[in-house]
Amino acid sequence: MDVFDIIGPIMIGPSSSHTAGAARIGKYALNILGAKPVKADIYFSGSFAKTYKGHGTDKAIVAGILGMDTDDPGIKYSFETAEHRGLEFAFHTGEIENAHPNTAFIVLTSESGKTVEVQGASVGGGNIVITKINGTEVEITGKFTTMIVLHRNIPGMISDVTRVLAQNGINIGKFDLRRNPRGGKGVMIIELDSDVPEYVNDEIKEMDNVIDSTLLKAI
């Protein structure tokens, strides 16, 4: 734990949980999409659903989807900026089963029609945990460079991917393997101790039996 886990980040808005955390969830969803979003359906659960207008959670999460940081003065005008950039957005409320009280579920669509579903929770002090990506349960804080590798579930995949990282001098801080319920594929979630050049991710993408690999920078 560092000092920012206690006092929270530099931010715009009244609440680190309801504004800074929301902005970070939105920005991480944008990183996962990896393209310009043109549509965002945002579902709030728990206390987010009850107070999102009064606490500015709605403006903050749209700001994050637009790529703004927690201390960006433009958060206050994120709705206007979204309209200017051609981002259509809508808010919905409801209860997400077994979710943290400050939870948002975001469906983002890009210009090309690519869609991602991201569920995340704001857990205090501006900190977040991404809990689902496209239906797969994950646990990502966004504090570290993270690689998400979707692959066919066959022997040797873990050693093949980690060998590429080792050959490029990249150390793994945390490794998690999940099963994607859509098609029974495997999903590696790898937190790394340093930045990763895009060519390393490209090399992993081109491997046999790797379906896709997404490189997410820390936020």
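Above this text sits the structure in question.
The shown structure was predicted, so the numbers you read here are calculated from the model rather than taken from an experiment.

Thresholds applied
Residues numbered from 1 in each chain as written. Predicted model: local features only at pLDDT ≥ 70, side-chain atom pairs only at ≥ 80, totals over all residues. Heavy atoms only, no water. 1 Å grid on protein atoms, 1.4 Å probe; cavity = no way out; pocket = protein on both sides within 12 Å on 5 of 7 lines; lining within 4 Å. Points joined across faces, edges and corners; volume = space filled by probe spheres on them. Helix = DSSP H or I, 4+ residues; strand = E, 2+ residues; numbered from the N terminus. Nonpolar A, V, L, I, M, F, W, Y, C, P; charged D, E, K, R; others polar. Buried < 20%, exposed > 50% of the residue type's maximum accessible area, 1.4 Å probe, protein only. Contact = heavy atoms within 4.5 Å. Arc of directions from axis to C-beta.

A.B. asks: Quick question: what am I supposed to make of the layout of surface pockets here?
C.D. replies: Unfilled space is identified by rolling a water-sized probe across the atoms. There is about 320 Å³ of room inside the largest pocket. Lining the largest pocket are 15 residues; nearest its centre among them are Ile-133, Asn-134, Ile-148, Leu-150 and Thr-214. The element that contributes the greatest number of residues to the lining of the largest pocket is strand β10 (residues 210–216), accounting for 3 residues. A breakdown of the residues in the lining of the largest pocket according to their chemical character gives 7 nonpolar, 6 polar and 2 charged.

A.B. asks: Can you walk me through the side chain of Lys-27 in this structure?
C.D. replies: For Lys-27, the location among the structural elements is in helix α2 (residues 16–33). On the basis of relative accessibility, which here comes to 17%, the residue Lys-27 falls in the buried class. In this view, Lys-27 contacts Gly-64, Ile-65, Gly-67, Met-68, Asp-69 and Ile-219; residues no more than four positions away in its chain are not counted.

A.B. asks: Where do I start with helix α7 (residues 198–205) in this structure?
C.D. replies: Quick reminder: α-helices carry 3.6 residues per turn. Residues three or four places apart thus point the same way. Among the residues making up α7, those that are buried are Val-200, Asn-201 and Ile-204. The arc that holds every buried residue of α7, seen down its axis, measures 100°, which confines them to one face. Contact partners of the buried residues in α7: β7 (145–151), α6 (157–167) and β10.

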